[in-house]
Amino acid sequence: MRLSLSIFLFLNILLSQSVNISVDKNRVQEGDVIKFIIETSGAKNFPKINLDKLKNNFDFHGGPYEQTSIEYKNGKMNETKTLTWLLSPKVIGRVIIPSLKGSIDAKNFSSKPIIIEVGKDPKSSTNSVFIIAEIDKENVYLGEQITLTYKLYK
């Protein structure tokens, strides 16, 4: 379940461009990893965004991962481009992903701040190791290939 914490921005009504900036969860334990996701619809290119504001409060564990999805429904094409980063908060308590500014197809956009609540993990230690399994698709057809990726974090 992905919790959308930002605003949809309509950049060009004729092309129906929209940008959605979100995280997969807004409550985590110390040492957990969150997905920071920028999803665009109706755009020709991937968005350009400066994430330097995140370096004070988050460690980057991966990304940007690019994904393009093209869907045809009733003869109409819908193209979605997604950028994903894996982040882990550096501090305990309330951590804020500040308002970020970027551009896509020569149009500017900005996001709303996203609040992440980070709790103390009673079992945490400096030598903790965890693994995450991810699939590239959640809805598939019979016989369609899916990719399962395991990621080991220390």
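Residues numbered from 1 in each chain as written. Predicted model: local features only at pLDDT ≥ 70, side-chain atom pairs only at ≥ 80, totals over all residues. Heavy atoms only, no water.

## What to know about the packing of aromatic side chains
In step 1: Going through the model one piece at a time under the given rule, you end up with two aromatic pairs.
In step 2: Ring geometry for Phe130 and Tyr153: centres 5.0 Å apart, planes at 20°, overall stacked. Of this pair, Phe130 sits in strand S12 (residues 130-135) while Tyr153 sits in strand S13 (residues 148-153), and the two are 23 residues apart along the sequence.
In step 3: Directly above the ring of Phe46 sits Lys81, whose terminal nitrogen or CZ lies 5.1 Å from the centroid.
In step 4: Geometry around Tyr65 places Lys151 over its ring, the cationic atom sitting 4.2 Å from the centre. (Phe/Tyr/Trp six-rings, centres within 6.5 Å; stacked < 30°, edge-to-face > 60°. Helix = DSSP H or I, 4+ residues; strand = E, 2+ residues; numbered from the N terminus. Lys NZ or Arg CZ within 6 Å of the ring centre and 35° of its normal.)

## Some thoughts on the environment of Ser103
In step 1: Turning to its location among the elements, Ser103 is positioned in strand S9 (residues 101-104).
In step 2: Take Ser103: its relative accessible area is 23%, and that puts it in the partly exposed class.
In step 3: Spatially, the C-alpha atoms of Ser103 and Pro47 are 5.7 Å apart, while their sequence positions differ by 56 residues.
In step 4: Leave out the neighbours within four places in its chain, and Ser103 touches Pro47, Lys48, Asn108 and Phe109. (Buried < 20%, exposed > 50% of the residue type's maximum accessible area, 1.4 Å probe, protein only. Contact = heavy atoms within 4.5 Å.)

## With respect to the pattern of salt bridges
In step 1: For the structure on display, the rule yields nine salt bridges.
In step 2: Across the salt bridge formed by Lys35 and Glu134, the nearest N and O atoms sit 3.7 Å from each other. Residue Lys35 is located in strand S4 (residues 34-41), and its partner Glu134 is located in strand S12; the two are separated by 99 residues in the primary sequence.
In step 3: Note that Asp59 is salt-bridged to Lys90, the shortest N-O span being 3.8 Å. Pair noted here: Asp59 is in strand S6 (residues 58-73) and Lys90 is in the loop between strand S7 (76-89) and strand S8 (93-97), with a separation of 31 residues, a long-range link.
In step 4: By relative accessible area, which is 35% here, Asp59 ends up partly exposed. (Salt bridge = Lys/Arg side-chain N within 4 Å of Asp/Glu carboxyl O.)

## Some remarks on the sheet that holds strand S5 (residues 48-49)
One key point about sheets: their strands pair by backbone hydrogen bonds, in either a parallel or an antiparallel sense.
In step 1: Strand order across the open sheet formed by three strands is S5-S9-S10, with antiparallel pairing between neighbours. Taken across any chain shown, the strands that pair with only one partner, and hence form the sheet edges, are S5 and strand S10 (107-110).
In step 2: For S5 and S9, the ladder comprises two bridges, and the chain directions are antiparallel. In the strand pairing of S9, Lys48 is matched with Ser103. (Pairing = 2+ DSSP bridges.)

## What to know about the side chain of Thr80
In step 1: Here Thr80 is to be found in strand S7.
In step 2: Discounting chain neighbours no more than four positions away, the residues touching Thr80 are Glu39, Thr40, Ser41, Gln67, Thr68 and Ser69.

## Some details on the nonpolar core
In step 1: With 24 residues, the main nonpolar core has Phe36, Ile97 and Ile116 as its most contacted residues.
In step 2: Elements represented by at least two residues in this core include exactly strand S2 (17-23), S4, S7, S8 and strand S11 (114-119). (Core = buried A, V, L, I, M, F, W, Y, C linked by side-chain atoms within 4.5 Å.)

## A word on the environment of Glu30
In step 1: With respect to the helices and strands, the residue Glu30 is situated in the loop between strand S3 (27-29) and S4.
In step 2: With 61 residues separating them along the chain, Glu30 and Val91 place their C-alpha atoms 7.8 Å apart.

## Concerning the sheet that holds S8
In step 1: Across the sheet, three strands lie side by side as S3-S11-S8; this open sheet has mixed pairing. Two strands in the sheet have a free side with no partner beyond their single neighbour: S3 and S8. Averaged over neighbouring strand pairs, the angle between their axes works out to 30° when direction is ignored.
In step 2: Across five bridges, S8 lies against S11 in antiparallel orientation. Looking at the pairing, Arg94 lines up with Glu117 of S11. (Axes fitted to C-alpha atoms, helices over the stretch in contact; angles between N-to-C directions.)

Everything listed is a geometric property; what it means functionally is a separate question.
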